[in-house]
Structures are given as C-alpha cells and as structure tokens.
Amino acid sequence: MSTRITHLIGGRDWKGVPERTGEVYNPAAGAVSGRVDLASADLVAEVAATAKAAARNWADASLTRRTRVLFAFRELLNQRKEEIAELITAEHGKVLDDALGEVTRGLEVAEFACGIPHLLQGGYTEGASTNVDVYSIRQPLGVVAVISPFNFPAMVPLWFVPIAIACGNAVILKPSEKDPSAAVAVARLWTEAGLPDGVMNVVHGDKEAVDALLTNPDVAAVSFVGSTPIARYVYETATAHGKRVQALGGAKNHMLVLPDADLDLAADAAVNAGFGSAGERCMAISALVAVEPVADRLVAKIKERMGGLRTGDGTKGCDMGPLVTAAHRDKVTGYVRAGIEAGATLVVDGREGPFDGDEAGFWLGPTLFDHVTPEMSIYREEIFGPVLSVVRVPSYDAGLDLINTNPYGNGTAIFTNDGGAARRFQREVEVGMVGINVPIPVPMAYYSFGGWKSSLFGDTHAHGMDGVRFFTRGKVVTSRWLDPSHGGLNLGFPRTD
C-alpha cells in the first residue's frame, strides 16, 4: 500500500480531500511508493493567507527569539540527518552517502543563518547634520515562496528557508512532486524547534500550484531552482506580478584540463563530478575540455576508473544509483543514441549494465563519449544524467573561447599546475562559480551560489549575504531629537528579550 504525502500548513498536515494526486516512485525498484496530494490554486491562496497572518507576528519577533529557533532547528537537523538521507535515497535514488552529504551541505546554511543578529546589522552615522542622526535597517519582505527541484530535495530548500525565516519572513515551500518526503520531514523540524505555526508551510503541486504562487498578491518574493526554460518562465511571470525573483537555471559545466595538469587527479575529478548523483546535479561536469596532447591519456584513465564503478540500489553501498524516473532515464538514453548518430566515439556505454538492483529500476550507468564537437546535441544541451563528453581543443585560448561562447555560465573548473594560467582563467572565464583543481566549486554557505548568463534570472544568488539581502528590504531613517528622554530606575541586569 502506497504512502500518502500531503501538505503541511500552519504546522499541521492538511486534512482535506485532494482533487488530484501524483505518483511517487522508488526509482531503484521502478515501483510506486507513495501518492502526493497536488494543490489547487484555491488551496495555494489559503496557504498564502495563513502565511501572511503568521508573517506579521514573526517579523515582530526579536532577533534573540529568532536565533533560538535557528539554533534548535540546526541541532534537530543534525540529529535527524541520517533519517532525511534515507528518505532522499528512497524517492530520488542517489546513494546514501551522497544523500547524507546533501543534507550536511544544507546544514551549513542553517549554521550560517544562526548568525542573523550580526548579518542584519545596519549602519549608523551620528551627527550627519546638526542634531541629526542617520541609520539604516533591513526589514523582512513578508511571505516568500521557494520552488525547489527533484535533484536536491533537502539541500536546495535549505539554501533559502533558514535565511528567509531568520530574516523574519514566512515561507511557502513547493518541493518537487517527484520526491517530496524529505522536504516535509525537514519542515516538521521547524515546528519542533519552536517556530510559530504558519511561518513554515509546504504545498505540493505541479504547474497549477507554481502559477498560483507566481501570481498571488500575498507572495512578495520567489526563489527557484530548476531548468533554464522554467527559470525564465518563473522570472518573467513573477516579476510581471511585482515580485522579487531569484531563479537559478540550468548548466553545461566545463572542466578545462591543461597539458601540465596531474592527469590522475583530473581523471578522478572527472569521474566524481561527472557521475556523482547519476549526473543529476546542476554543478555536474558534463563537458571535459582536453587541451592537446593530453586527451588520449586522459580518456584512457577515465575509462579505467569507470570500470570499477558499481551502479545499483543506493542502499547497497553502490557508487551510483538510478535516475529519478523512467521518463528521465529514457530522455538521457535518447541523448546517448543522438551522440552515436552524430559521430561521437562511445567509449563506455552505460546502457549495458550490469546493475545491482531490481530489473524494473530506472538504470543507466556512467557513459563516456570522446571526439565530441560543439554542434552535437550531447554538447549543446543539458543532459542531466551520467553522460560525460570529451571535447578536444588545441590550446588554452580555444578552450576558454568554447566555455565563454556557451550560453550557460553556472560552474566551471580548470585543472593545471600553472598558477599563472589558473589566475588568468579565473579572471577571464564568464562563469559564476570557478574551481581551480576543484571539479564541483559549490561555495560555502557564507558565500553565495549562482551562475551567469542563462544559468541565472534575477540579480541575486542563493545564500550568503546575497540571500540576506534578497529576503530583506533596506530602509534609511533620518532622525532629530531636541531633548534627551529620561527613563525610570531599574537596577536589574539588562535583558534582550
């Protein structure tokens, strides 16, 4: 019997009868494991009204009170991270170690948000004019929506929600309907941590729920992570309705390998970054740009390492799990066929297996193409699966031009032992996140995550100080007081409540 997964509204499970539901799969078994309630536009409006009422009181809560909740949430998330990881593996398919790593990286943002009293400090100028003082403050927006993707069901919501709540906002989270349970489990921890009812809400749904959030007048801002076409749609629709938007889109991340690089290190990095989480990462390396004459040796080293990878059920200690749905698996295998037809050399065919799991699972093993050219679809388009394409170039300049010409600008990496070349690359490359001998340069929580070009719609990145600025509005106050005020006597120790 499948599990029912429903909305979390005002700190409680929704008790209504859904008009529509969706299927949730265990991708390692290829079987339905649950059904998720899909919200109507009317239900989204009710949730927004609930959140708006809660936001007023939460905005008035002292920073001391907010910080206590943040610290309690951080402790609970750390205690339950293994349980959350198991939910991710059960519905997304990524192996347990990878799922645990996802939760841990999200935990870093919660820890960053615990410093909110410092992060919200304003400026103060005494005596800007005669008896006039000027100071700045930052205030919450009200109700904010977070629309998160299937590939990181815990980490991506954690990029936004702790900071939004710490800044005094109420949140409506719309997780992916493909793997919603982890988001609900994390949301429940907020209530356990002492967050008032209505400040954290979860609604499940598809395009109807998304459109309702993008157009609802009670929602002041939208944070989104997903594909570039949908990110563009979210940005255009929500901004047309007067909302602040940060919409993080897709990627085609390149790894440039120079002739002086440590090829063993580069090969390890290419395999780790290309096939971790079955390539379902917006920061996955999908295009390896080899500056000749290293391509033959590098491809051989990558192929050798791929031979030792085990693809199968994420609970069995495998290196890589299944793809999230059968439809997505079929889409990715379609790219493999297209690469062959276009004339690329298929070095390792991940369609062949073997797979350590149920035959009905949504399997595709690590796949490697060589002699890929820029006009091929396997190079041009975001595959979002375990397919690594090797493009050969004659020089650093040719590799840099290839990267900068690409419409995406999310993440990139260079592998070299030449500090001058690395420094030149970090300056010249037109990409938002750069790794030097680091294949997946996801920033720490106190820096901000986001790309350039078609990988970002909006002006601010996720978490870090960009996140604090996104979830607050600045205000400048100019004051003049002619006489000092006088309070009564109180010899007690000053309190911060």
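Reading guide: rules and limits
- Residues numbered from 1 in each chain as written.
- Predicted model: local features only at pLDDT ≥ 70, side-chain atom pairs only at ≥ 80, totals over all residues.
- Heavy atoms only, no water.
- Axes fitted to C-alpha atoms, helices over the stretch in contact; angles between N-to-C directions.
- Helix = DSSP H or I, 4+ residues; strand = E, 2+ residues; numbered from the N terminus.
- Parallel < 35°, antiparallel > 145°, perpendicular 65-115°, else oblique.
- Left-handed = near helix turned anticlockwise from the far one by under 90°.
- Contact = heavy atoms within 4.5 Å.
- Nonpolar A, V, L, I, M, F, W, Y, C, P; charged D, E, K, R; others polar.
- 1 Å grid on protein atoms, 1.4 Å probe; cavity = no way out; pocket = protein on both sides within 12 Å on 5 of 7 lines; lining within 4 Å.
- Points joined across faces, edges and corners; volume = space filled by probe spheres on them.
- Patch = residues over 30% accessible without salt bridge, like charges linked within 9 Å, V, L, I, M, F, W, Y side chains within 5 Å.
- Areas by Shrake-Rupley, 256 points an atom, 1.4 Å probe, with all protein chains shown as cover.
- Salt bridge = Lys/Arg side-chain N within 4 Å of Asp/Glu carboxyl O.
- Pairing = 2+ DSSP bridges.
- Buried < 20%, exposed > 50% of the residue type's maximum accessible area, 1.4 Å probe, protein only.
- Lys, Arg positive; Asp, Glu negative; His and termini not counted.
- Polar contact = N/O pair within 3.5 Å; in protein donor to acceptor, adjacent residues only side chain to side chain.
- Phe/Tyr/Trp six-rings, centres within 6.5 Å; stacked < 30°, edge-to-face > 60°.
- Expected span 1.5 Å × (residues − 1).
- Core = buried A, V, L, I, M, F, W, Y, C linked by side-chain atoms within 4.5 Å.

A. Just the packing of helix α3 (residues 96-113) against helix α5 (residues 155-166), in detail. As a packed pair, α3 and α5 sit with axes 8 Å apart at the nearest point and diverge in direction by 15 degrees. By the angle between their axes, α3 is roughly parallel relative to α5. Here α3 and α5 pass one another in a crossing that is right-handed. Across from Glu102, Val103, Arg105, Gly106, Leu107, Val109, Ala110, Phe112 and Ala113 in α3, the residues of α5 making contact are Met155, Leu158, Trp159, Pro162, Ile163 and Ala166. Looking at the contact of α3 with α5 residue by residue, the classes come out as 12 nonpolar, one polar and two charged.

B. Quick look at empty space enclosed by the protein. In this structure the tally under the stated criterion is four cavities of 30 Å³ or more. Roughly 100 Å³ of volume is contained in the largest cavity. When its residues are assigned to classes, the lining of the largest cavity shows seven nonpolar, five polar and three charged. Of the volumes computed, that of the second largest cavity is approximately 70 Å³.

C. Broad picture of a nonpolar patch on the surface. A contiguous nonpolar surface patch, about 370 Å² in accessible area, is contributed by Met444, Tyr446 and Tyr447. With respect to the secondary-structure elements, Met444 resides in the loop between β22 (433-436) and β23 (452-453).

D. Quick peek at the sheet that holds strand β4 (residues 20-26). With mixed pairing, the three strands of this open sheet are ordered in space as β1-β5-β4. In the strand order of this sheet, the two ends are held by β1 (3-5) and β4, each with one partner. Each strand of the sheet is rotated relative to its neighbour by a mean of 30 degrees, with strand direction disregarded. Sheet analysis places β4 next to strand β5 (residues 31-38), joined by seven bridges and oriented antiparallel. Residue pairing in the sheet places Thr21 in a bridge with Asp37 of β5.

E. Structural context of the side chain of Asp133. Looking at the element boundaries, Asp133 is found in strand β7 (residues 132-140). Nearest to the buried, unbridged Asp133 among oppositely charged side chains is Arg480, at 9.3 Å. There is a polar contact of 3.1 Å between the side chain of Asp133 and the side chain of Tyr124. Setting aside chain neighbours within four positions, we find Asp133 in contact with Tyr124, Thr125, Glu126, Gly127, Val477, Thr478 and Ser479.

F. Broad picture of the packing of aromatic side chains. In this structure the tally under the stated criterion is 10 aromatic pairs. Seen in terms of ring centroids, Tyr124 and Tyr135 are 5.6 Å apart; in terms of plane orientation they differ by 10 degrees. Their pairing is stacked. With Tyr124 in strand β6 (residues 124-129) and Tyr135 in strand β7, this residue pair connects regions lying 11 residues apart in the sequence. A relative accessible area of 53% places Tyr124 in the exposed class. Taking relative accessible area as the criterion, Tyr135 reaches 28% and is therefore assigned partly exposed. Ring centres 6.3 Å apart and planes at 75 degrees place the aromatic pair Trp159 and Phe160 in the edge-to-face group. Taken together, the aromatic side chains of Trp159, Phe160 and Phe449 make up a single cluster linked through ring pairs.

G. Looking closely at α3. Look at α3: 26 Å from first C-alpha to last across 18 residues, which is about the 26 Å you get at 1.5 Å a residue. For α3, the full list of buried residues reads Asp98, Ala99, Glu102, Val103, Gly106, Leu107, Glu108, Val109, Ala110, Phe112 and Ala113. Along its buried surface, α3 packs onto α2 (63-91), α4 (116-119), α5 and α15 (464-470).

H. Looking closely at the layout of surface pockets. By volume, the largest pocket is sized at about 890 Å³. If you trace the largest pocket, you find 38 residues lining it, with Phe150, Lys178, Gly226, Ser227 and Ile230 closest to the centre. Put simply, the parts of the chain that give the lining of the largest pocket at least two residues each are α7 (207-215), β11 (219-225), α8 (228-240) and α11 (326-342). Of all the elements, α8 adds the most residues to the lining of the largest pocket, at five residues.

I. Spotlight on unusual backbone geometry. Between Glu292 and the following residue, Pro293, the backbone shows a cis peptide bond with an omega angle of 20 degrees. In this structure, Pro293 sits in the loop between β14 (285-291) and α10 (295-306). Residues other than glycine seldom take positive phi values, yet His371 does so here, at roughly 55 degrees. Structurally, His371 can be placed in the loop between β18 (367-370) and α12 (377-380). The partly exposed category is assigned to His371, whose relative accessible area is 40%. Not every positive phi belongs to a glycine, and Asn437 is a case in point at roughly 60 degrees.

J. A look at the pattern of salt bridges. A complete count under the given rule lists 29 salt bridges for this structure. Asp264 is the salt-bridge partner of Arg305, the closest N and O atoms lying 3.1 Å from each other. Taken together, the residues span a long stretch of sequence, with Arg305 in helix α10 and Asp264 in helix α9 (residues 263-275) at a distance of 41 residues. A residue is classified by how much of its surface remains accessible, and Arg305, at 23% relative accessible area, is partly exposed. Notably, a salt bridge pairs Asp466 with Arg469, separated by 3.0 Å at the nearest N-O pair. Placement of both Asp466 and Arg469 in helix α15 is noted, with a separation of three residues, approximately one turn of the helix. Classification of Arg469 as partly exposed rests on a relative accessible area of 40%. Taken together, the salt bridges that share partners define one network made up of Asp264, Asp268, Lys301 and Arg305.

K. How the structure looks around the nonpolar core. With 71 residues, the main nonpolar core has Phe73, Trp159, Ile165, Trp190 and Met200 as its most contacted residues. The element that contributes the greatest number of residues to this core is α5, accounting for 10 residues. Among residues more than four places away in sequence, those in contact with Met200 are Leu8, Gly11, Val161, Ile165, Val171, Leu173, Ala187, Trp190 and Leu195. Ranked by size, the runner-up nonpolar core spans 29 residues in total, among them Leu323, Phe369, Met376 and Phe425.

By themselves, these observations are geometric and do not establish any function.
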